Amino acid sequence: MRRPFVVLLAALAMPAVAPAQGDSATAPEPIAQLVARLDLERYKATIKGLTNFGDRRQGTDRNRAAVDWIEAQLRSYGCSNVARLKYEYQPPSPPSLAGRGGQGVRPASGGGRYRGIRAQTGVNTDSTKQPDTRLRALDAQASTPGAREEVYCTKIGTTHPGEMYIVGGHMDGIGWGEAANDDGSGTALVMELARVFSSADVRTDRSIRFIFWNNEETGLNGSRAYVEQRRTLQGTKDEPKWLGMIQHDMMLFDHGMPRADGTLAAEQRPEADVNIEFQSSAKFAAEAAQLAWTFERANEKYATDYPASVGSHMTNTDSAPFQDYVPAISLRENERGTQIGAGWDPNWHQPTDLYATYSDKDFRLGLNAAQTTLAAIAGLVGATIH
Ligand SMILES: [Zn+2]
């Protein structure tokens, strides 16, 4: 009686992944086929395309042009159920600095503990720090308050169209660079998934919404607007029920902890990983943790190079506005609070966040995150190839 035991073990290993319906026993496994449709050069080309719009700062012509370009790409992939969420953005008055405690005694953002060496972080606001005069000019137009738009497209499920996973990344950036990693890398990942799932031969039982948040860098205003406008519409013809929200933000750079002198290793560390985080204080923490482990198992099975780690301190990202309503997780190059917040990414919000800064070893970490999310979501929505 070995066989039932083996089948049971397989089911335990990937409980959320439904077997392909209607496939014969000899057909190649659909999730592996879909993952194979991702490609490093395509992923890089999509990031490069986004960097043509500079840092894509919200409230600028270059940001609006980038939204239009993303929409055109989505349509070219066949993700034709395209829409835009519209909202208003008014910047708040500058926050008071009074009462801010010493950095060393506070826990990291999201609730984690800092360990080891920390380096300086911050946002570059000085145009002259950008040595490339072409890029400096491209990034020059200042943000204007007012009307905002963010684009999304939806793969409609065949048997449960009224239930969907939301897969997102933020398309706006800051820092007087190209926002190649933050968050061209996550935006391109979501675009590549929209391409694969929108292929005419791919069917899914449940729906998937691919969304490109705007105004992340001003305080998650685009994702908050989505939750405010659409949360109570769930289950109507206007909004499928949300099954989960998966955010992708800064996918490329895991060179390790800063050295004592504040410098970092020049190359991707060989033990680089994809960090999957949920928030332990969220109302849906238990369900989000389960979703995170589903992604970790998908990584184990399908990602070609880099492993995944699960953490409990998701913070400062567009999945946060969802976390008390639905299981919400984020994928990143490092933990946001204790690692990125401790200076593990020297290009974060800096003029050096350029396409040319990263090597194939960096881009490959983002590709492995794409493989992870594609495989996990394909299982969760019951993807099949016809
Ligand atoms: Zn970001």
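Residues numbered from 1 in each chain as written. Predicted model: local features only at pLDDT ≥ 70, side-chain atom pairs only at ≥ 80, totals over all residues. Heavy atoms only, no water.

### Quick look at the sheet that holds strand β9 (residues 328–332)
We count it as follows: Here the rule is simple: two strands pair whenever DSSP picks up at least two bridges between them. Helix and strand definitions here come from DSSP, where helices need a minimum of 4 consecutive H or I residues and strands a minimum of 2 consecutive E residues; each element is numbered from the N-terminal end. Working convention: axes come from line fits to C-alpha atoms, limited for helices to the stretch in contact. Angles between N-to-C directions cover 0 to 180 degrees. Contact criterion: two residues are considered in contact whenever any of their non-hydrogen atoms come within 4.5 Å of each other.
Pairing within the open sheet is mixed, and its eight strands lie in the order β1-β2-β5-β3-β6-β9-β7-β8. Edge positions in the open sheet fall to β1 (82–89) and β8 (308–311), since each of these has one partner strand only. Here the strands of the sheet are splayed against their neighbours by 25° on average, with no regard to which way each runs. Here eight bridges tie β1 to strand β2 (residues 146–155), and the two strands are oriented antiparallel to one another. Bridge assignment links Lys86 to a residue of β2, and that residue is Glu149. Across the sheet, helix α7 (residues 221–230) touches β1, β2, β3 (160–170), β5 (206–213) and β6 (241–248), and the angle it forms with β1 is around 105°.

### Re the environment of Glu29
Definition in use: Side-chain atoms alone can form a polar contact between residues adjacent in sequence; in general such a contact is a pair of N or O atoms within 3.5 Å, and within protein one must be able to donate a hydrogen while the other accepts it.
Within the element layout of this structure, Glu29 appears in the loop between α1 (2–13) and α2 (30–35). Linking Glu29 and Ile385, residues 356 residues apart in sequence, is a C-alpha distance of 9.2 Å. Reaching out from Glu29, the side chain makes a polar contact with the side chain of Tyr302 at a distance of 3.0 Å.

### Details of the coordination of the zinc ion
Our working definition: Atoms of type N, O and S within 2.8 Å of a metal are treated as its donors, and for Na, K and Ca the window is 3.2 Å; water is not considered, so some sites may appear to be missing partners. Burial here depends on accessible area, computed with a 1.4 Å probe over protein chains only, as a share of the maximum for the residue type. Under 20% is buried, over 50% is exposed, and the range in between is partly exposed.
The coordination sphere of the zinc ion, as far as protein atoms go, consists of His170 (NE2), Asp182 (OD), Asp249 (OD) and Asp249 (OD), spread over 2.0 to 2.5 Å. The sequence pattern describing where the donors of the zinc ion fall on their chain is H-x11-D-x66-D. In this pair, His170 sits in strand β3 while Asp182 sits in helix α6 (residues 180–197), placing the two residues twelve residues apart along the sequence. Taking relative accessible area as the criterion, Asp182 reaches 3% and is therefore assigned buried.

### Re the packing of aromatic side chains
The following threshold applies: Working definition: rings of Phe, Tyr and Trp (its six-membered ring) pair if their centres are within 6.5 Å, and the pair is stacked with planes under 30 degrees apart, edge-to-face with planes over 60 apart, and tilted otherwise. The rule for a charge over a ring is simple: NZ of Lys or CZ of Arg within 6 Å of the ring centre, and within 35 degrees of the ring normal.
Evaluation of the coordinates by the stated rule reveals eleven aromatic pairs. Plain terms: the ring middles of Trp213 and Phe322 are 5.8 Å apart, the flat faces sit at 50° to each other, and that makes the pair tilted. Of this pair, Trp213 sits in strand β5 while Phe322 sits in the loop between β8 and β9, and the two are 109 residues apart along the sequence. Judged by relative accessible area, which is 0%, Phe322 ranks as buried. Grouped by ring-pair contacts, the aromatic residues Tyr152, Trp213, Tyr226, Trp242 and Phe322 constitute a single cluster. For the cation-ring pair, Lys48 lies above Tyr355, with the distance from its terminal atom to the ring centre recorded as 5.4 Å.

### Description of the packing of helix α3 (residues 40–51) against α6
Rules: Should an angle fall under 35 degrees it is called roughly parallel, over 145 degrees roughly antiparallel, and 65 to 115 degrees roughly perpendicular, with every other angle called oblique. The sense of a crossing depends on the near helix, which, turned anticlockwise from the far helix by less than a right angle, makes the crossing left-handed and, turned clockwise, makes it right-handed. Each residue is assigned to one class: nonpolar for Ala, Val, Leu, Ile, Met, Phe, Trp, Tyr, Cys and Pro, charged for Asp, Glu, Lys and Arg, and polar for all the others, Gly among them.
Contact geometry for α3 and α6: axes closest at 8 Å, N-to-C directions at 125°. On the basis of their axis angle, the class for α3 and α6 is oblique. For the crossing formed where α3 meets α6, the hand is right-handed. Of the residues in α6, those in contact with Arg42, Tyr43, Thr46, Ile47, Leu50 and Thr51 of α3 are Ala180, Gly184, Ser185, Thr187, Ala188, Leu189, Met191, Glu192 and Arg195. Taken together, the residues of the contact of α3 with α6 sort by class into seven nonpolar, five polar and three charged.

### Notes on the confidence of the model for the protein chain
Atom-level detail of predicted coordinates should not be read off regions where pLDDT is low. Note the cut-off: Per-residue confidence from the predictor is reported as pLDDT, which spans 0 to 100.
Of all residues in the protein chain, 90% have pLDDT values of 70 or greater, and the mean over the chain is 92. Note that pLDDT drops below 50 for residues 1–24; the model gives that stretch 17 contacts with residues more than four away or on any other chain. Low pLDDT, under 50, characterises residues 98–103; the stretch is placed with two contacts to residues that sit more than four places away or in other chains.

### Examining the environment of Ser319
Positionally, Ser319 belongs in the loop between β8 and β9. Along the sequence, Ser319 and Leu220 sit 99 residues apart, while their C-alpha atoms lie 9.0 Å from each other. Setting aside chain neighbours within four positions, we find Ser319 in contact with Met245, Gln247, Met314, Ala328, Ile329 and Ser330.

### Focus: the side chain of Ser330
Assignment of secondary structure puts Ser330 in strand β9. When neighbours within four sequence positions are excluded, Ser330 is seen to be in contact with Gln247, Asn275, Ile276, Glu277, Met314, Thr317 and Ser319.

### Some thoughts on unusual backbone geometry
Between Asp182 and Asp183 the backbone carries a cis peptide bond, its omega angle lying at 10°. Positionally, Asp183 belongs in helix α6. Phi is positive for Arg56, which is not a glycine, with a value near 55°. Within the fold, Arg56 resides in the loop between α3 and α4 (61–77). For Trp176, which is not glycine, the phi dihedral falls at a positive 65°. Among the structural elements, Trp176 can be located in the loop between β3 and α6.

### Re the packing of α4 against α6
Running from N to C, α4 and α6 point in directions that differ by 25°, and their axes come no closer than 9 Å. Taken together, the axes of α4 and α6 are roughly parallel relative to one another. Crossing geometry of α4 relative to α6 is assigned as right-handed. Contact with α4, carried on its side by Trp69, Ile70, Gln73, Leu74 and Tyr77, involves Thr187, Met191, Glu192, Ala194 and Arg195 of α6 and no other residues of that element. Of the residues assigned to the contact of α4 with α6, the class counts are six nonpolar, two polar and two charged.

### What about the state of the cysteines?
Just so we agree on the cut-off: In this description, a disulfide is simply a cysteine sulfur pair whose atoms lie within 2.5 Å.
Inspection of every chain in the model, using the stated rule, returns one disulfide. Residue pairing for Cys79: its cysteine sulfur links by disulfide to Cys153, the two sulfurs lying 2.2 Å apart. Because the torsion about its S-S bond is 100°, the bridge between Cys79 and Cys153 counts as right-handed. Pair noted here: Cys79 is in the loop between α4 and β1 and Cys153 is in strand β2, with a separation of 74 residues, a long-range link. There is no split in this pair, since Cys79 and Cys153 are both buried.

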